[in-house]
Amino acid sequence: MKFALLLALLAAPAAARESGETLTIDEAVSIAVKNSPAALAAEQDIIIARQRMREARFLALPQLTLSGTLSRANLEYPALLGPELGGRYVDPRAGDEFYSLRAQALQPLYTGGMNTNTLKLARTAHSRAKTNYEAVRADAALAAKKAFYGLLYQRRLAESAARWLGRGRELDSSLRKDAFEALEAAMLLSGLSDHAQQAGSGAEAALTDLRRALNREPGYQVDIDGGFEPLPVRTDATGSLVTAMEARSELKSELYKAQMDDIAVNMALVRRYPTIYLGASYDVTSYNLTPLTGDPDRSSNWLASLAIHFPLSYDIWTQVQQRRAQQRQGELKRAELQDAIRFEILSAHREAAFWQAEAAKLGAEVSGMKEDYEAALRGAGPSMAALRALCALCELERKSLDAVYKQLLARIKLEWAQGRDLAK
C-alpha cells in the first residue's frame, strides 16, 4: 500500500505535464520576479521617487496664484479680510458689496542652493529606488532558484528511493531465510520504505515551496524541466569580489545613500544663507457687481517687490552636526556591508568548490560500486549480504544526490552574493 502511494507521488509530475505548464529555471525565475509582491512594491517606490524629482524641478519655476473674492458686508468700522479671503482692508464707506480679482507671481532668485540640493536629493533618491528594486528582484530570483533545485533534488531522491525499494523487495522475495535473517531483511526493507516515504513527502513540500516562490495559488499545476547535476564555478573569488563591488544592488544603494547624506549636510549649511524672491501682483476691485466700462467704482493696482530674508536660527549648527553624524553612520554601515559581501563570496566559493569535488567523488564511487554490485550479484546470486549491500548503495546514492544539491545551492548563493549570474 505504501509503495503504491509512493508510485502515485512519482506519477504526479507526469500528470502536471498533462494539465499544467512545464518551466525551465529561467522561466521560473522570470515568473517569480514578475509576481513578487516586494518587487511590485519596490516598483511603486520608483514611480514615487520619479514624481518627487519632478516636484523638485518645479521649485525653480515661478509660483503663480489666481484668486477672486465676492463679498457682501455691513460694516460699522473698518475690517481686514484674512489671507484666505484676499488679505484686504475693507472700509465701511466703500459699500455693501464688492468683488476683487488678483494675479500673483513669486519667483525665487536665490535660495542659497536649497532648490538645487533638493533636486539633487530627489535624483539620488530615484537612483537608489531603482537599485533597491534590483535588490528585491535578486532576492525573488534566489528564492525561485532554491525552490526549483529543491524540487529537482527531492524528486531525484524519491526516484532513487523507489527504485532501490523495488529492487530490495525483488531480492527479498528470492531469498531463503531463517528467523533472524527474515527479521533483518524486514528491518532493512523498512528502512528503504521510510526513505522512500520521506522523499515523496519532501517532493510534495518542495512543490509547495515552488508555488510559493512563484506567488501562485496552492492548486497551481506546474512541472519543471532541468538537469540535476553539478554546475562548475569557473571564476575565482577575486573576480567575484570585483564583480560584487560593481554589481551588488545593496552596495549601490548604500553609495547613493552616501550621496544623499552629503546633500543633507549641504542643505543644513545653506540655512545660513539669505533667500531672495521677486514678486509681482495685479489686482482689480469693484464696488459694483455689474460694472460698466469706465465705471468709477472699479480700481486696479499692480506692484512688484524684491524680498530678501536673512535666517537668524539657533539650530543651524545643531542640524549640521546631526547630518554629519548621520553621514558617519552611513560610512560605517557601508564598510560593514562590504565586509559582509566579502565573507559571503569567500564562503560561497569555498562551499561550492568543496561540494563540487565531493559530488564528483561520490558520483564516481556510486557508478563504480553499482557495476561491482551487479557483477557480484550475477556471480554469487541473491543473499542477505546482497540485500545489505543494496541498502548501503541506496545510502551512498542519497549522499551523492545531497552533494549535488548542496553544490547547486552554493552556486546560486554565489550568484546572489556577487549580484550577477555565472556563466553555465
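To be clear, the structure that these remarks concern was listed above.
Here is a short report on the structure shown in this document. (Residues numbered from 1 in each chain as written. Predicted model: local features only at pLDDT ≥ 70, side-chain atom pairs only at ≥ 80, totals over all residues. Heavy atoms only, no water.)

For the structure on display, the rule yields 4 aromatic pairs. The interplanar angle of 85° and the centroid separation of 5.9 Å between the aromatic rings of Phe 148 and Tyr 149 together place this pair among those described as edge-to-face. Cluster of aromatic residues (ring-pair linked, three or more members): Tyr 153, Phe 228 and Tyr 405. The aromatic ring of Tyr 220 is capped on one face by Arg 216, whose charged end is 4.6 Å from the ring centroid. It is Arg 248 that lies over the ring of Trp 416; its NZ or CZ is 4.3 Å from the centre. (Phe/Tyr/Trp six-rings, centres within 6.5 Å; stacked < 30°, edge-to-face > 60°. Lys NZ or Arg CZ within 6 Å of the ring centre and 35° of its normal.)

All right, on to the side chain of Arg 411 then. Note on placement: Arg 411 falls in helix H9 (residues 384-418). Assessed through its relative accessible area of 2%, Arg 411 is described here as buried. At 3.1 Å, the side chain of Arg 411 forms a polar contact with the backbone oxygen of Ala 423. Once residues lying within four places of it in the same chain are set aside, the contact partners of Arg 411 are Leu 231, Pro 232, Val 233, Leu 422, Ala 423 and Lys 424. (Helix = DSSP H or I, 4+ residues; strand = E, 2+ residues; numbered from the N terminus. Buried < 20%, exposed > 50% of the residue type's maximum accessible area, 1.4 Å probe, protein only. Polar contact = N/O pair within 3.5 Å; in protein donor to acceptor, adjacent residues only side chain to side chain. Contact = heavy atoms within 4.5 Å.)

This part is about the environment of Leu 377. Locating Leu 377 in the fold gives a position in helix H8 (residues 316-380). For the pair Leu 377 and Val 404, spaced 27 residues apart in sequence, the C-alpha to C-alpha distance is 28 Å.

Taking 1.5 Å of rise per residue, 65 residues should cover 96 Å, and H8 covers 93 Å from first to last C-alpha, within 8% of that figure. Backbone geometry just after H8 places Gly 381 at a positive phi near 85°. (Expected span 1.5 Å × (residues − 1).)

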